[in-house]
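Here are the chains, one letter per residue:
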Amino acid sequence: MSSYQVFRIILQFIATSDWSTKGICIADRKTYPSLPPIQLFHDTYDVVFIDSSGLLNLLSHMTCEQYNQLKHEAILSHSYLDDSTHNGFETVFLRPVPMLLKFDTLCRITVSEETIKGSSLFDHMTWEAILM
């Protein structure tokens, strides 16, 4: 199997799965039955993709909106690669798409450091990383 075929299979898997309602776990739950249940991760996170240890959600910081965008891009890419009327490889991998053409609206919000530090929405470590 070529890397191109593997990539297409992964795109199809992302496009047809729904990790926001039925997450996946690549850990061996039969060998380690004491691992936390997937539902526990769903109760905590929007999107669930648990690593091979069974303890880490690799998509813990992904929102449902970001996940839906990922699925949309996977569907588009898979359809371009399947289309025999044009060169799908070039469309997916070589043709840049400027952000202004990709989205209808772009917003820039300027927030002062004092406002950030006073907010309970984000923890201090996250904002330190953003501000540096």
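J.: How do you make sense of the overall build of the protein when you look at a structure like this?
T.: Assigned secondary structure in the protein consists of seven helices and two strands. Each helix (α) and strand (β) of the protein, taken in turn from the N terminus, gives the series α-β-α-β-α-α-α-α-α. A burial count over the protein gives 23% of its 132 residues as buried. Accessible surface, the protein: about 10200 Å² in total, of which carbon and sulfur atoms supply 60%.

J.: What should I look at first to understand the nonpolar core in this one?
T.: Within soluble globular proteins, side chains that are nonpolar generally end up buried alongside one another. Core analysis: the biggest nonpolar cluster contains 11 residues, these being Leu 11, Ile 14, Ala 15, Trp 19, Val 47, Phe 49, Leu 59, Met 62, Tyr 67, Ala 74 and Leu 81. Those residues in contact with Leu 11, other than ones at most four positions away along the chain, are Ala 74, Ser 77, His 78 and Leu 81. Core analysis: the second largest hydrophobic core is formed by six residues, Cys 25, Ala 27, Leu 35 and Phe 41 among them.

J.: Would you mind going over the environment of Phe 41 with me for this structure?
T.: Tracing the chain through its elements places Phe 41 in helix 2 (residues 38-44). Here Phe 41 falls in the buried class, since its relative accessible area comes to 7%. A C-alpha to C-alpha distance of 9.3 Å links Phe 41 and Leu 55, two positions 14 residues apart in sequence. With sequence-adjacent residues up to four places away left out, Phe 41 is seen in contact with Pro 36, Val 48, Ile 50, Gly 54, Leu 55 and Asn 57.

J.: Please explain the packing of aromatic side chains as it appears in this structure.
T.: Aromatic ring pairs are defined here through the distance separating the ring centres and the angle between the ring planes. Across all of its chains, the model carries five aromatic pairs by this definition. Pairing Trp 19 with Phe 49 gives two aromatic rings, centres 5.1 Å apart and planes at 65 degrees, and the pair type is edge-to-face. Remark: Phe 49 occurs in strand 2 (residues 49-50) and Trp 19 occurs in the loop between helix 1 (3-16) and strand 1 (24-25); sequence separation between them is 30 residues. By relative accessible area, Trp 19 is classed as buried at 5%.

J.: Just checking my understanding: could you explain the side chain of His 42 for this structure?
T.: Mapped onto the secondary structure, His 42 falls in helix 2. For His 42, the side chain forms a polar contact with the main-chain nitrogen of Gly 23, separated by 2.7 Å. Excluding its chain neighbours within four sequence positions, the residues that come into contact with His 42 are Trp 19, Ser 20, Thr 21, Lys 22, Gly 23 and Val 48.

J.: Even after reading the chapter, I still don't get a nonpolar patch on the surface, so can you show me in this structure?
T.: The grouping of Met 1, Val 6, Ile 9 and Ile 10 at the surface amounts to a nonpolar patch, some 400 Å² of accessible area in total. Residue placement: Met 1 occurs in the segment before helix 1. On the basis of relative accessible area, Met 1 is assigned to the exposed category, the value being 75%.

J.: Explain the environment of Leu 55 to me, please; I cannot follow it from the model alone.
T.: The residue Leu 55 is located in the loop between strand 2 and helix 3 (64-82) in this model. The exposed category is assigned to Leu 55, whose relative accessible area is 58%. Remark: the alpha-carbon pair of Leu 55 and Pro 36, spanning 19 residues in sequence, is separated by 7.3 Å. The contact partners of Leu 55, leaving out residues within four places of it in the chain, are Leu 35, Pro 36, Phe 41 and Ile 50.

Cut-offs applied
- Residues numbered from 1 in each chain as written.
- Predicted model: local features only at pLDDT ≥ 70, side-chain atom pairs only at ≥ 80, totals over all residues.
- Heavy atoms only, no water.
- Helix = DSSP H or I, 4+ residues; strand = E, 2+ residues; numbered from the N terminus.
- Buried < 20%, exposed > 50% of the residue type's maximum accessible area, 1.4 Å probe, protein only.
- Areas by Shrake-Rupley, 256 points an atom, 1.4 Å probe, with all protein chains shown as cover.
- Core = buried A, V, L, I, M, F, W, Y, C linked by side-chain atoms within 4.5 Å.
- Contact = heavy atoms within 4.5 Å.
- Phe/Tyr/Trp six-rings, centres within 6.5 Å; stacked < 30°, edge-to-face > 60°.
- Polar contact = N/O pair within 3.5 Å; in protein donor to acceptor, adjacent residues only side chain to side chain.
- Patch = residues over 30% accessible without salt bridge, like charges linked within 9 Å, V, L, I, M, F, W, Y side chains within 5 Å.
- Salt bridge = Lys/Arg side-chain N within 4 Å of Asp/Glu carboxyl O.

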